[in-house]
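# Descriptive analysis of the structure
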Amino acid sequence: MITVLLGPPGVGKGTQAQAAAASQGWMHMSTGEMLRDEVGRGTELGLQADQFMRRGDLVPDDVMVDMVAVRVSQVPSKEVLLLDGFPRTLPQSEALVAKAPSGAIGLSVYFRAPDEVLVQRLLSRGRRDDAREVVRHRLAVYHETTEPLVGFYREQGILREIDADRSIEIIQEDLVRTVQAALEANFLP
Ligand code: ADP
């Protein structure tokens, strides 16, 4: 069961996904981490992506779709793959439907927090794309381009919301419970 994690930069979905994957034996794919790894190794793809990431812009859809296509096409239906950072645009979400096994996209979890909380968290994180102007731009890009995906998954009846302005532990319990419930509803007898 592919689980799409949605939410603004700084909302903590990466941290939450990593912890849940480790404790539950779920798979976790973070496109941001994959891109930073490419940048760090100085690959062709990394050099290309770096231009966009520095500015807080999205990496082009075709690059991202190529990056995730094989993994998302191979998810066994009873295994959980937490998708963190993909899709981020409507064309990416449509590409995911096309590449994933039929019926595999079983859940989308939407992490919500107010912008002022996010800005504070991002500025204190200190990653290279977390400088103040870049942060503001990433939030604007999020609201304009990625937030519409909330409606896309809500219309399919698979959206669940999590209040991410709470403690890490409480959010973790909420996430694990939400994924387990969807897994049981969708895939267990
Ligand atoms: P955050 O968790 O703060 O939102 P990520 O680590 O997920 O940041 O992503 C960092 C950067 O990588 C993004 O700002 C964007 O430039 C690029 N990126 C990651 N995933 C995608 C994607 N699916 N489409 C386009 N760009 C992406």
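Structure first, text after, so check above.
Below you will find a few notes about this structure. Owing to the predicted nature of the structure, the values given are computational and were not obtained by experimental measurement.

### Things to note about the pairing of strand β1 (residues 2-6)
Within a regular beta strand, the side chains point alternately toward one face of the sheet and then the other, so they alternate between its two faces. Burial runs high along β1: five of the five residues are buried. Sheet analysis places β1 next to strand β3 (residues 81-84), joined by four bridges and oriented parallel. Pairing of Leu5 across the sheet is with Asp84, part of β3. Relative to strand β4 (residues 105-112), β1 runs parallel, the two sharing five bridges. Counted as the bridge partner of Ile2 is Ile105 from β4.

### Quick notes on the pattern of salt bridges
Applying the stated criterion across every chain, the model contains 13 salt bridges. Between Arg138 and Asp129 there is a salt bridge; the shortest N-O distance is 3.8 Å. A residue is classified by how much of its surface remains accessible, and Asp129, at 12% relative accessible area, is buried. Taken together, the shared-partner salt bridges in this structure form one network comprising Arg125, Arg127, Asp129, Asp130 and Arg138.

### Looking at the layout of surface pockets
Estimates place the volume of the largest pocket at around 920 Å³. Lining the largest pocket we find 46 residues, and of these Lys13, Arg88, Arg125, Arg127 and Arg138 sit closest to its centre. Taken together, the elements giving at least two residues each to the lining of the largest pocket come down to β1, α1 (13-24), α2 (31-41), α6 (115-125), α7 (132-146) and α9 (168-187). Taken together, the residues of the lining of the largest pocket break down into 18 nonpolar, 16 polar and 12 charged.

### Structural notes on the nonpolar core
Within the largest apolar cluster, 31 residues are counted, with the highest numbers of intra-cluster contacts made by Ile2, Leu83, Leu96 and Tyr153. Counting residues per element, the ones that place at least two in this core are β1, α3 (44-55), α4 (61-73), β3, α5 (90-99), β4 and α8 (148-155). With six residues, α4 is the largest single contributor of residues to this core. Each residue touching Leu96, except ones within four places of it in the same chain, is listed here: Ile2, Val4, Val72, Leu83, Phe86, Pro87, Ile105 and Tyr153. Residues Val80, Leu82, Leu107 and Leu139 belong to the second largest nonpolar core, which totals 26 residues.

### Thoughts on the site of the ligand
Taken together, 18 residues lie near the ligand, and Arg36, Asp57, Gly85, Arg88 and Arg138 sit nearest. The side chain of Thr31 places a nitrogen or oxygen atom 2.8 Å from a nitrogen atom of the ligand. Val59 is positioned such that a nitrogen or oxygen atom in its backbone is 3.0 Å from a nitrogen atom of the ligand. Contact with the protein chains hides 95% of the accessible area of the ligand, taken as 560 Å² for the molecule alone. For the shell around the ligand, the element with the most residues is α2, which contributes four residues. In terms of residue class, the shell around the ligand is made up of seven nonpolar, four polar and seven charged.

### What about the environment of Pro148?
Mapped onto the elements of the fold, Pro148 is located in helix α8. With a relative accessible area of 36%, Pro148 lands in the partly exposed category. Here the alpha-carbon distance between Pro148 and Glu173, two residues 25 residues apart in the chain, equals 26 Å.

What counts and what doesn't
- Residues numbered from 1 in each chain as written.
- Predicted model: local features only at pLDDT ≥ 70, side-chain atom pairs only at ≥ 80, totals over all residues.
- Heavy atoms only, no water.
- Buried < 20%, exposed > 50% of the residue type's maximum accessible area, 1.4 Å probe, protein only.
- Helix = DSSP H or I, 4+ residues; strand = E, 2+ residues; numbered from the N terminus.
- Pairing = 2+ DSSP bridges.
- Salt bridge = Lys/Arg side-chain N within 4 Å of Asp/Glu carboxyl O.
- 1 Å grid on protein atoms, 1.4 Å probe; cavity = no way out; pocket = protein on both sides within 12 Å on 5 of 7 lines; lining within 4 Å.
- Points joined across faces, edges and corners; volume = space filled by probe spheres on them.
- Nonpolar A, V, L, I, M, F, W, Y, C, P; charged D, E, K, R; others polar.
- Core = buried A, V, L, I, M, F, W, Y, C linked by side-chain atoms within 4.5 Å.
- Contact = heavy atoms within 4.5 Å.
- Near = heavy atom within 4 Å.
- Polar contact = N/O pair within 3.5 Å; in protein donor to acceptor, adjacent residues only side chain to side chain.
- Areas by Shrake-Rupley, 256 points an atom, 1.4 Å probe, with all protein chains shown as cover.

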